[in-house]
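# Results of the structural survey
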Amino acid sequence: MSDNLPASLLSHVSLGTNQYDKAQAFYDQVLAPLGCRRVLEHEGATAYGRAYPEFWIQTPLDGQPAAVGNGTHIGFLARSRAEVDAFYQAALAAGASGDGAPGPRPHYGEPYYGCFVRDLDGHKVEAMFWEIAAG
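Residues numbered from 1 in each chain as written. Predicted model: local features only at pLDDT ≥ 70, side-chain atom pairs only at ≥ 80, totals over all residues. Heavy atoms only, no water.

Here the focus is the pairing of strand S9 (residues 124-130). The buried fraction of S9 is high, at five of seven residues. In the sheet, strand S5 (residues 73-77) pairs with S9 via five bridges, with the strands oriented parallel. Residue pairing in the sheet places Gly 75 in a bridge with Glu 126 of S9. Bridge count for strand S8 (residues 112-118) against S9 is seven bridges, and the pairing is antiparallel. Looking at S9, one finds that Phe 116 is bridged to Glu 126. (Buried < 20%, exposed > 50% of the residue type's maximum accessible area, 1.4 Å probe, protein only. Helix = DSSP H or I, 4+ residues; strand = E, 2+ residues; numbered from the N terminus. Pairing = 2+ DSSP bridges.)

Printed below as a string of structure tokens:
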């Protein structure tokens, strides 16, 4: 494996939107506390990441309305509890609805700290921090 690849299983994920311009503004605001920014844009598609395209919002390529997946959510990795908290506050300020305030969730693992929101299209979006003591 290349030394410059991130330690992640996933290359990227995409969510469809029916409100493209509003979704861009929403994710610009919500992902900033996590150190993410727009890294690539195509007509009807915007990619966010810290260094490369990891998360996309887009209008569906088939021209049909975007739909929310039951049982599906996107989890963003934060670098601290403070980033999780800032993500949650930014999301609410940008029009998201809360779906689980920031806090520990030991049933997901003792080191887990996270929050959940619903974005403007109703997608469930999470920010989480996995707190492992330096050793």
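Tracing the chain through its elements places Ala 67 in the loop between strand S4 (55-58) and S5. When its relative accessible area of 62% is taken as the criterion, Ala 67 is described as exposed. Expressed as a C-alpha distance, the spacing of Ala 67 and Met 128, which sit 61 residues apart in the sequence, is 24 Å.

Taken by themselves, the reported measurements are silent on function.
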